[in-house]
Amino acid sequence: MLIFLWAESQGHVIGLNGHLPWHLPADMHFFKTVTTGNTIIAGSKTFASFPHALPNRKNVVVTHQAATNFPAGVTVLNSFDAVREYAIQRPNEKLFVVGGAQLFEGLQDDVDFLYRTTIDAGFDGDTWMPALDYSKFQRINWQPGVRNEKNPYDYAFEQFQRVAQ
Ligand SMILES: NC(=O)c1ccc[n+]([C@@H]2O[C@H](COP(=O)([O-])OP(=O)(O)OC[C@H]3O[C@@H](n4cnc5c(N)ncnc54)[C@H](OP(=O)(O)O)[C@@H]3O)[C@@H](O)[C@H]2O)c1
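Residues numbered from 1 in each chain as written. Predicted model: local features only at pLDDT ≥ 70, side-chain atom pairs only at ≥ 80, totals over all residues. Heavy atoms only, no water.

## Comments concerning the UniProt feature "domain: DHFR" (unreviewed entry) in the protein
Operational definition: UniProt positions are given in the numbering used here, feature names are shortened, and annotations may be inferred rather than shown by experiment. Only DSSP runs of H or I reaching four residues or more are called helices, and only runs of E reaching two or more are called strands; each is numbered from the N terminus.
Taking the numbering used here, the UniProt-annotated feature "domain: DHFR" (unreviewed entry) corresponds to residues 1-162. End C-alpha to end C-alpha, residues 1-162 measures 11 Å, and it is 20% helix and 32% strand.

## Re the site of the ligand
Worth spelling out the cut-off: Nearness of a residue to a molecule or strand requires only that one of the residue's heavy atoms be within 4 Å of it. Throughout this description, a polar contact denotes any pair of N or O atoms lying within 3.5 Å of each other; where both atoms belong to protein, one of them has to be capable of donating a hydrogen while the other can accept it, and for residues adjacent in sequence the pair is counted only when both atoms sit in side chains. The Shrake-Rupley method, run with a 1.4 Å probe, gives the accessible areas here. Residue values count only the displayed protein chains as cover. Definitions used throughout: a 1 Å grid over protein atoms alone; a cavity as a set of points that fits a 1.4 Å probe which cannot get out; a pocket as an open set with protein on both sides within 12 Å along at least five of seven lines; a lining residue as one with an atom within 4 Å of a point. More than half of a molecule's atoms lying within 2 Å of a cavity's or pocket's grid points is what places that molecule inside it. Classification convention: Asp, Glu, Lys, Arg as charged; Ala, Val, Leu, Ile, Met, Phe, Trp, Tyr, Cys, Pro as nonpolar; all other residues, Gly among them, as polar.
Around the ligand, the structure places 27 residues, and the nearest of them are A7, S44, T46, T63 and Q65. With respect to the ligand, the backbone of H19 contributes an N or O atom lying 3.2 Å from an oxygen atom. Between the ligand and the protein, one listed contact pairs an oxygen atom with a side-chain N or O atom of S44 at 2.8 Å. Computed on the free molecule, the ligand has an accessible area of 940 Å², of which 86% lies beneath the protein chains in the complex. Of the pockets mapped on this structure, the ligand occupies the largest pocket. The set of elements that each furnish at least two residues to the shell around the ligand consists of β1 (2-9), β2 (13-15), α2 (44-48) and α4 (101-107). Residues of the shell around the ligand, tallied by class, amount to 11 nonpolar, 15 polar and one charged.

## A short note on the packing of aromatic side chains
Definition in use: Aromatic pairs are defined between Phe, Tyr and Trp rings, using the six-membered ring for Trp, whenever the two ring centres lie within 6.5 Å; interplanar angles under 30 degrees are classed as stacked, those over 60 as edge-to-face, and all others as tilted. Three labels apply to residues, based on accessible area from a 1.4 Å probe with only protein chains included: buried if under 20% of the type maximum, exposed if over 50%, partly exposed otherwise in between.
Considering all chains together, one arrives at 10 aromatic pairs under this definition. On the basis of an interplanar angle of 75 degrees and a centroid distance of 6.2 Å, the ring pair of F47 and F50 is categorised as edge-to-face. The exposure class assigned to F47 is buried, which follows from its relative accessible area of 9%. Taken together, the aromatic side chains of F4, W6 and F104 make up a single cluster linked through ring pairs.

See the structure below:
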């Protein structure tokens, strides 16, 4: 199954200068918890924002580039159709599409679940979450985040499931 996993701030901002606009360790912890042992699928720009392939999970990169441009062990897919085929062949695996905007845009009709962290704060950005059609999803979970010194924003973790049509 394909699952979008992302965090957005006010105005659907998700990125700035190739990185996240905020530092929110609680969300990084959530990301690690849900993706460990599963698969992450990243666009090449998002993959480049990681220090290295993320450990203890399968790393898939979507790019037009050759596989030889990426570290050994990383699976390279060259089109959205290749991602769809990859997912069809693994119906019982959790495949987390972790961005960026280009992947969310191109795979929005294929995604089964949405894991969204909403941060109730304003940040400058140059990358935005595409406008998803939430009428096709129902919210199945909402969990407020704990605001503290290290996580100085109001934020919440939400999960949505595609409604059978
Ligand atoms: N807040 C969040 O949760 C979150 C999550 C993820 C990312 N981000 C942020 O978002 C920004 C990056 O997002 P982005 O939208 O600019 O880039 P991206 O989606 O991560 O990567 C774009 C790249 O993906 C490849 N690609 C796109 N469509 C393709 C297709 N149809 N077939 C094959 N390859 C394809 C291309 O790679 P090649 O150029 O190599 O061919 C393209 O340049 C960064 O700032 C990042 O930190 C935020």
